[in-house]
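# Descriptive structure summary
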Amino acid sequence: MPLDDEFSPRLAFKKVGTRPLRPDGVDKVTGRARYGADMADANMLVGLVLRSPHAHARIVSINTKKAKKLAGVKAVVTRDDFPHLKNDQTVKGEEEENMWDVAQNIMARDKVLYEGHAIAAVAATSKAAAREALKLIKVKYEVLPHVTDVDAAMAPDAPLLHDDMFTAGMEPAPKKPSNIAEYSEIATGDVEKGFAEADVVIERSFRTEAAHQGYIEPHACFASVSEDGLAELWCCTQGHYTVRAMCAAILGWDLASLRVTSSEIGGGFGGKTTVFLEPIALALAKKAHRPVKMVMSRDEVLRASGPTSSTSMTMKIGVTRDGRITAGEGVYKFQGGAFAGSPVPYGAACAFAPYDTPNVLLRCYDVVTNRPKQAAYRAPGAPMAALPVEALLDELAEKIGMDPIELRRKNAVKEGSSSAYGPTFGPIGMIESLDAVENHDVAKKPLKANQGRGIASGFWPNYGGQTCVTLNINTDGTALLSLGTPDIGGSRASMCLMAAEELGIAYENIKAIIADTSALGHNDTTGGSRVTHSAGMATIDAAKDAIAKMRERAAQIWGIDPDAVVWRDGAAHPSGHNAGDFEPMSLAELAAMAPQTGGPIAGHAEINAEGAGNSFSTHLVDVEVDPETGHVTILRYLVVQDAGKAIHPDYVEGQYQGGAVQGIGWALNEEYVYGEDGRLQNPTFLDYRIPVCSDVPMIDTVIVEVPNPGHPYGVRGVGETPIVPPLAAVTNAVSRAIGQRLTDIPMSPPKILAAIEAAKD
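Description of the structure in this document. (Residues numbered from 1 in each chain as written. Predicted model: local features only at pLDDT ≥ 70, side-chain atom pairs only at ≥ 80, totals over all residues. Heavy atoms only, no water.)

Here we come to the packing of helix H18 (residues 649-668) against helix H19 (residues 726-738). Between H18 and H19, whose axes approach to 8 Å, the crossing angle comes to 55°. With respect to H19, the axis of H18 lies oblique. As for how H18 packs across H19, the hand of that crossing is right-handed. Of the residues in H19, those in contact with Gly659, Ala660, Gly663, Ile664, Trp666, Ala667 and Leu668 of H18 are Pro726, Leu727 and Val730. Class assignment of the residues belonging to the contact of H18 with H19 gives a composition of 8 nonpolar, 2 polar and no charged. (Axes fitted to C-alpha atoms, helices over the stretch in contact; angles between N-to-C directions. Helix = DSSP H or I, 4+ residues; strand = E, 2+ residues; numbered from the N terminus. Parallel < 35°, antiparallel > 145°, perpendicular 65-115°, else oblique. Left-handed = near helix turned anticlockwise from the far one by under 90°. Contact = heavy atoms within 4.5 Å. Nonpolar A, V, L, I, M, F, W, Y, C, P; charged D, E, K, R; others polar.)

If you want it as structure tokens, here you go:
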């Protein structure tokens, strides 16, 4: 989209674009890195949570008397220990979250809304004592009817989760409550006119089941609260400033009283952008006046922390015989668990973004069900929303006898194209991604019987946001970066490369840390593919600030005006002969003289970054389907994506590969399975099957670089987009392999076998 402040992105680099070893690699492979559960204290208590066995029930009473009397128990908290919040306060994680909903999610109030909903928590001197105490808490329930399916939840006679939920966005406003939290539309042009111009129109319904982010490290935290009210929290999170804001809001504390430190993180993918245990641990620690450590089991992670939404969708697309898309019309129904806030608006915005589509109408429903509150998952909503569009385009290409890449290229957006959701695109790499796929060796491999090839494209808008960075110049000529955005994908290495590029010193002479919330101003959460763009921009600004101060020190030493000093190749130089005849002074020389020239040298940047730069990607996958078992083998997989500028190509390629593998798992295996009692049937990694190395081939990647004018180095975020195309790409490949169109995700072997058998009838 056009930018108010555009850069002429730098195109030549000495450090950026190289592949130095990652600074955290050795610590992580040797076990030295400290994760959420690695904090300990001699006086520490163990915290555990009592969770609901029912999918929907009114809490009649909670009796904790026996638990409190048990030896070793130091604190018990229930709903009575958390204040009732107004319903209008929000805090931004990866998404804007209503704090009353978050507060009710971390500790149930009048009702439990899903199996696994927290009811009470205890802190005891041992895990055994805490477990025994949970058994002694007596809860009386009035069990209520439940609903876990999104279509069933929208029925007029569906069990009602919230008596005060009246659908927002409806005209006229409804007079009765329902499970539909909000209705919204994306509309442009005239779809009836568009379908009248089409030669071929296809309409189908699709469903996707909820998938968990699948991070290896469970949620964990360590809380301490002193008698004077000052609190410290250590936790694995993608945004410790967000954790601080949410905990303070839920507990009624001020921000200055709480210091939050982010640990190393064993995966997040959006799922660690909110709170689950943290306010509970702080409440227990305050009551016990002792530190409290809490760690979720895998069972708790799957039952009680957010997966993404499940969906029910219909889509209708029309094209002309020469491959021009004339119209697209769809209905998106996303369930976001027990509280409002599914990612349906984000997903719908992405659905037709890769294509210049003149007529679009998308009707979107945000629905609540008796499932855990959904949390952001990598490109929230976009993988599901892209599935029906990309699947129908593949089918339409077959119908009109056109190559699926050529159909997409005929309609692909480029600089100046208007998106269906509003903005006009600036320089983007959609067409370049299609060209790179078409020309890659993988696309030229011949296919055999029972094999199919799938193509799909994807989009994510990317975000900027509030970011602070401090760059300290040490007296030995090294530098230390203090960042406020947890490193979930290699950002410390990328920031050091950009600082080294700007300062003109070796990458090895710069180190980076993630500072706690008391050390820097506010930083938005690491999410939405924002960090390399926004923290990178702040790092460059901080380096320029430090350079300006070093130019002043050199001018002071030389007795000339600072404007007569320039910075080049890591040293201060006189700007010309008129400035004087002085030998250049290196960063190390100026740093060593800092105590004599005015004291410490540091650069700072506090920004609210814009111009994040849109991201486009195209994937190709070859599969083989076993007609006897329905098992799918991924033969080859290619990811092509525009990165703007790859600061550290290894990390960029890793993001591409990781997104593809997560998408493959979601497409073929991963799903939440609920019984008729509303209880989750597969809350372990044995039954909730994420892909392992033997399930996938080497994922080939191509980095397209169309510089983003919203960043001085041309950077675009890369973390979200790689998971957008895989659901559709794998669906298209399997459908072509068996000659039947599949529309239900995941495509588990029984579903594939059923489709094969149906084709024989």
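Attention shifts here to the packing of helix H7 (residues 240-251) against helix H8 (residues 278-288). In contact at an axis separation of 9 Å, H7 and H8 are set at 55° when each is read in the N-to-C sense. Viewed along their axes, H7 and H8 adopt a mutual orientation that is oblique. The handedness of the crossing between H7 and H8 is right-handed. Here H7 contributes Val243, Cys247, Ile250 and Leu251 to the contact with H8, which in turn contributes Glu278, Pro279, Leu282 and Ala283. Of the residues that constitute the contact of H7 with H8, the class distribution is 7 nonpolar, no polar and 1 charged.

So, about the nonpolar core. Among the nonpolar cores identified, the biggest contains 102 residues, and Ile317, Tyr332, Leu362 and Tyr637 are the most heavily contacted of them. With 12 residues, helix H11 (residues 382-400) is the largest single contributor of residues to this core. Apart from the residues lying within four places of it in its own chain, the contact partners of Ile317 are Phe195, Val200, Val201, Ile202, Ile325, Ala327, Gly328, Phe352, Val389, Leu392, Leu393 and Leu396. Ala479, Met495, Ile540 and Tyr651 belong to the second largest nonpolar core, which has 53 residues in total. (Core = buried A, V, L, I, M, F, W, Y, C linked by side-chain atoms within 4.5 Å. Buried < 20%, exposed > 50% of the residue type's maximum accessible area, 1.4 Å probe, protein only.)

Pairing is antiparallel in the open sheet, where 3 strands are placed in the order S22-S23-S24. Each end of this open sheet is capped by a strand with a single partner; those strands are strand S22 (565-568) and strand S24 (585-586). The sheet contact formed by strand S23 (residues 571-574) and S24 spans 2 bridges and is antiparallel. Residue Ala571 lies in a different strand from S24, and its bridge partner there is Ser586. (Pairing = 2+ DSSP bridges.)

Bringing the pairing of strand S1 (residues 45-51) into the picture now. Most of S1 is tucked away: 6 of the 7 residues are buried. The pairing of S1 with strand S7 (residues 118-124) spans 6 bridges and is antiparallel. If you follow Gly47 over to S7, its bridge partner there is Ala123.

Moving on, we get to the pattern of salt bridges. Within this structure, the stated rule accounts for 44 salt bridges. Here Arg22 ties to Asp24 by a salt bridge, and the two come within 2.9 Å at their closest N and O atoms. With a closest N to O distance of 2.9 Å, Glu390 and Arg408 form a salt bridge. In this pair, Glu390 is assigned in helix H11 and Arg408 in helix H12 (residues 404-411), connecting sequence segments 18 residues apart. Judged by relative accessible area, which is 0%, Arg408 ranks as buried. (Salt bridge = Lys/Arg side-chain N within 4 Å of Asp/Glu carboxyl O.)

The quantities given are spatial measurements derived from coordinates; they are silent on function.
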